[in-house]
Structures are given as C-alpha cells and as structure tokens.
Amino acid sequence: MKENMTAFTTAWQQFWAQNTGDGAGAGAPLALADTPAYPLARTVAMPPGHAYATGAVSFRMTDLQVHGLEHLLPAECRVETEGEQVRIRLVLAHLRLLGRYALQVKPDPIIDVDTAGNLMDLPPEACRPMAAGADAGGGGALDPQKEEWLNQAREQQTKLQQTQNGTELLSLYYEHNDIYDTVFRTNQALIPLWQAGGATREMAGDTSDAVKNDSVVNSADKTYTGGVSYNSNAFAQHLNVASACVWTDPDFDPMTGPPPGSKYWAAAKAALSFGKGVSAATNNTKNQVQEMNPSQVHATVDQTQGLPPVTDAEMQGVVAMGIGPGGAAAGLPDWIAIDEEDRRRLRFLFEATMKQKAEDAAIVGQPLFAGSVTADIGRVEATVQLGPAAGPPGQQGQAPAAHVELPAFQLDIDDSAWTGEVAGVARQRLESMYFIRSLLHEALVDRLQQSLPEAAAFANGGTRTP
C-alpha cells in the first residue's frame with residue numbers, strides 16, 4: 001500500500017502517461033466505442049441541390065474520448081485495507097468528453113402519403129421476423145410442464161367459447177394475436193421483463209394447480225421471485241405488453257405518436273383493456289387483491305358484457321411514462337396505477353427498444369453535417385475494490401471492481417453549420433430524445449468501471465508493462 005497519497009497520485013499519473021499518453025507525463029484520453037446511428041426522422045426535406053428530395057435522418061457519435069483521468073484530488077482520495085482487501089476512494093477533479101458527430105441521411109421518398117417525422121428508417125427486410133416455429137434456444141426438447149400448461153390453456157379456451165361473452169373475449173385476443181406474436185419474437189427487451197426473474201413462470205405453475213383444484217389463483221398472501229405478488233406482476237405485465245406493442249411498431253414516432261390505423265396501437269389498447277376490464281369486473285388492482293378461483297373467473301366472464309374501451313388519451317398517458325424523463329402520471333385515470341417502479345421499467349423498455357432498432361439498421365446513411373460534440377462532466381467519484389493488496393489485476397484473488405458516481409451532464413453539439421428544414425427537425429428531435437444522452441451516460445460509466453481498477457492497482461503498488 002502506498003504510504004501517502006502523494007506517492008499514490010504520482011503513480012496514478014504515471015499509469016495514464018505510460019498506458020494511454022505520450023510517455024512524457026501527459027495522459028491521453030480514454031476512448032469510448034462509437035455509437036449506433038440513432039434514427040431521428042423520416043421523409044425530411046433535404047437542402048436545395050441535394051441528390052434526393054427527402055431523406056431519413058439519423059445521428060451518430062464517433063471518436064469519443066474522456067479527458068482528465070490523470071487528475072486526482074489527493075486530499076479527498078482514500079486507500080483503506082481490510083485483511084487482503086483494498087478499497088480505494090477516488091475523486092477525479094474534472095472529466096471532459098470530446099468527440100465527433102455526423103448527421104446522416106439516406107434516401108426516403110414520399111410514396112403515397114407524407115409520413116414526415118416517422119421515426120424508424122429500417123427497410124422491410126431488416127424487420128423481417130423469424131420463421132414461424134423457430135426455436136431461439138437451438139431446438140431442444142419440449143418442456144413437458146409447459147406443454148401441460150398449454151393444454152390446460154386450450155381447455156380453458158374451449159370452456160370460454162361456450163358462452164357469448166367468452167367468445168367475444170377470445171375474438172378480441174385473436175384479432176391482435178399476430179401482433180402479440182411479432183412483439184414477443186422481435187422485441188428483445190420485453191422477454192426479460194415478461195419473465196420477471198422467474199416470477200411469471202412460478203405464477204403459471206400456481207395457476208395450473210388452481211385450475212386443477214378450483215382453488216385460489218391470486219393469493220393475497222403469497223409472493224414470488226423479486227417479492228412481487230400475483231396481482232402486482234400481472235398488472236405490470238399488461239403495461240409491459242401494451243407499451244412494447246407501441247414501441248415495436250416500425251412506424252411509431254415518439255414525437256407524433258402512432259401512424260393512422262396502426263395495428264400495433266390497436267393491439268396495445270386491447271392489451272390495456274384487459275387490465276381495465278379486470279379492475280372493473282373483479283375489483284382487483286395492482287395493490288388490491290380480491291382472491292378468486294377459476295370457477296369465479298368464468299362466472300365473472302359470463303356476467304360481463306365485453307371489455308371496456310381504452311381511449312387514445314389513456315394509451316398516450318401510459319406511453320408518456322416510458323418516453324418522458326419521469327414525474328407524476330398526470331392525467332391518467334385511477335384504474336391505471338403507475339408508480340415509480342413502473343416508470344423505471346417502462347423507460348427501460350422504451351430505451352432498449354429504440355437502441356435495438358438503431359443497431360439493427362442495415363443501410364448506413366451518408367454524412368450531411370458533421371462537427372464536434374463536447375460535455376463538461378466535472379467532478380467524478382469512484383470506489384475501487386481490489387483483491388490482495390500486492391496483486392494487480394490478473395493475479396490470483398478477488399477480481400477488481402469499480403463503482404462510478406457520474407453526475408448528469410449536458411451534451412453540447414456544434415450545429416452552427418446546419419441549414420434548411422433538416423436542421424430544424426434534427427435540433428427538435430435531439431432536444432426531445434433524452435434517451436440518447438441516457439445511453440451515452442451508461443456507456444461512459446461502463447467504460448470507466450472497466451478501466452479504473454487497473455489504474456488503481458498500479459498506483460497502489462502493482463505493476464503493468466506499457
């Protein structure tokens with residue numbers, strides 16, 4: 001262990017000079033990976049004289065570098081040991097992010113109607129779903145328990161078809177079944193949310209037992225993996241599915257909403273109406289449990305005429321919870337109970353879906369405008385946990401790890417050369433699409449957490465060949 005922070009600081013600066021700098025004491029920046037091309041808008045009018053009249057616009061950042069890693073605040077840094085474990089508190093004086101951007105465009109002609117502002121710019125082949133029946137897991141044997149549950153579900157469908165209300169309920173589901181199938185097969189972010197760490201499968205097992213014995217389906221006393229109840233997970237899932245339907249729509253635009261006649265929007269409203277109908281007919285909500293057994297469920301369906309409609313405004317309120325930066329669910333009706341956990345989950349689902357769409361773009365645009373991006377990040381705090389005090393990363397002992405506290409920062413984009421309609425559209429979209437800044441924030445944290453343990457181990461007494 002270094003006996004004083006002056007020696008630690010000197011070694012810290014030496015590490016950055018040797019491993020990323022010019023070898024003469026000047027630390028070079030730490031590089032970040034280039035970002036995908038994030039789609040901003042479609043069918044935007046190009047500047048006069050451009051090769052095509054309208055184009056799809058995307059935004060991409062490259063050559064991203066973090067400056068200032070060599071500058072510690074020694075008076076605020078600490079090195080603590082406990083046995084062979086070493087914990088180092090680092091305070092970096094001031095970090096700065098520098099890089100380049102390109103506002104990219106590619107041909108996007110107006111065909112039948114003006115769809116300006118439509119977010120996604122993927123060609124049809126990039127959105128082509130997997131072949132029906134494809135097994136993402138590689139074609140293993142069927143799960144016998146899952147097959148039993150599916151057989152039970154088919155039996156319940158047959159039972160529901162024996163009444164007019166049950167038949168209407170099933171018809172509504174089958175009307176949108178293709179969309180639900182597409183969403184579950186193509187939206188990579190939905191699956192882990194649906195699984196809920198195993199809670200949904202556990203609930204399926206209890207539902208199966210309840211069907212066999214006509215016992216309580218939604219126990220008020222039992223919790224599942226993650227501490228969720230039957231009701232809380234069920235109502236969370238109807239929000240997940242409804243939101244995923246909206247954002248999976250290749251023509252959905254966060255700025256203007258769904259295109260007219262969107263099948264994805266209709267399927268989303270139908271999914272939300274199931275939750276609305278359950279609340280109205282059974283008095284069950286996310287936080288209020290009215291225990292029911294299967295025979296009571298069927299009786300309730302028999303006595304309930306259809307599902308209550310969900311308005312566009314109600315659906316838009318739910319969508320806003322994922323797109324917006326947070327805050328209260330203002331304007332939502334009482335039956336849509338969205339708390340901070342729901343907002344966090346829906347924001348994740350939106351950001352992950354948008355990121356997936358951006359990364360899947362098969363056609364690369366050409367730069368229309370390019371320039372610099374900068375961000376003054378300021379003071380950064382980090383805690384590094386090392387293994388044995390004498391051992392640098394790679395030797396035996398506990399793997400080094402770091403936790404970085406990164407403040408919020410503003411991305412400054414040099415747009416002084418932008419002209420024409422495309423400039424106004426791009427500025428508006430970049431200002432509104434906060435998830436781009438959020439993803440950059442996460443990428444920066446991940447990169448720092450990868451690099452700081454090696455530097456801290458070196459400064460604390462380890463060695464590394466440049």
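Some words on the overall build of the chain
Across its full length, the chain carries 13 helices and 10 strands. Excluding contacts between residues fewer than 6 apart, the proportion of contacts in the chain whose partners are at least 24 apart in sequence is 78%. Carbon together with sulfur atoms contributes 52% to the accessible area of the chain, which is approximately 22900 Å² in total.

Regarding helix α13 (residues 434–459)
A rise of 1.5 Å per residue sets the reference length of α13, with its 26 residues, at 38 Å; its end C-alpha atoms lie 37 Å apart and thus fit the reference within 8%. One or two steps after α13, the chain reaches Gly461, where phi turns positive at roughly 130 degrees.

So, the confidence of the model for the chain
Fine structural detail should not be taken from predicted coordinates in areas where pLDDT scores are low. Mean pLDDT for the chain: 80, with 83% of residues reaching 70 or above. Scored below 50 in pLDDT, residues 21–26 shows eight contacts in the model against residues more than four places distant or in partner chains. Long-range and interchain partners of residues 111–141, a stretch whose pLDDT sits below 50, account for 48 contacts in this model, where long-range means more than four residues apart.

Structural notes on the side chain of Thr353
The topology assignment puts Thr353 in helix α11 (residues 340–359). According to the relative accessible area criterion, Thr353 is buried, its value standing at 3%. One polar contact links the side chain of Thr353 to the main-chain carbonyl oxygen of Leu349, over a distance of 2.7 Å. Those residues within four positions of Thr353 in sequence are excluded, and the remaining contacts are Asn187, Ala189, Trp247 and Thr248.

Some words on the environment of Leu30
In this fold, Leu30 is placed in strand β1 (residues 30–31). Judged by its relative accessible area of 5%, Leu30 is buried. Between the C-alpha atom of Leu30 and that of Ser451, which follows or precedes it by 421 residues, the distance is 8.6 Å.

Notes on helix α7 (residues 230–248)
Taking 1.5 Å as the rise per residue, α7 with 19 residues should run 27 Å; its terminal C-alpha atoms sit 27 Å apart, in good agreement. Burial analysis of α7 places 18 of its 19 residues in the buried class, the great majority of the element.

Some remarks on the side chain of Glu70
With respect to the secondary-structure elements, Glu70 resides in the loop between β3 (54–67) and β4 (78–82). At 12 Å, Arg96 is the nearest oppositely charged side chain to Glu70, a buried residue that forms no salt bridge. There is a polar contact of 3.4 Å between the side chain of Glu70 and the side chain of His71.

A word on the environment of Arg78
Considering the arrangement of structural elements, one finds Arg78 in strand β4. What makes Arg78 partly exposed here is its relative accessible area of 43%. The spacing of Arg78 and Ile88 is 10 residues in sequence and 5.7 Å in space, taken between C-alpha atoms. In this structure, Arg78 is in contact with Met5, Arg87, Ile88 and Arg89, ignoring residues within four places of it in sequence. Polar side-chain contacts of Arg78 include one of 3.0 Å to the backbone oxygen of Ala75.

So, how was this worked out
Residues numbered from 1 in each chain as written. Predicted model: local features only at pLDDT ≥ 70, side-chain atom pairs only at ≥ 80, totals over all residues. Heavy atoms only, no water. Helix = DSSP H or I, 4+ residues; strand = E, 2+ residues; numbered from the N terminus. Contact = heavy atoms within 4.5 Å. Areas by Shrake-Rupley, 256 points an atom, 1.4 Å probe, with all protein chains shown as cover. Expected span 1.5 Å × (residues − 1). pLDDT = per-residue confidence, 0-100. Buried < 20%, exposed > 50% of the residue type's maximum accessible area, 1.4 Å probe, protein only. Polar contact = N/O pair within 3.5 Å; in protein donor to acceptor, adjacent residues only side chain to side chain. Lys, Arg positive; Asp, Glu negative; His and termini not counted. Salt bridge = Lys/Arg side-chain N within 4 Å of Asp/Glu carboxyl O.

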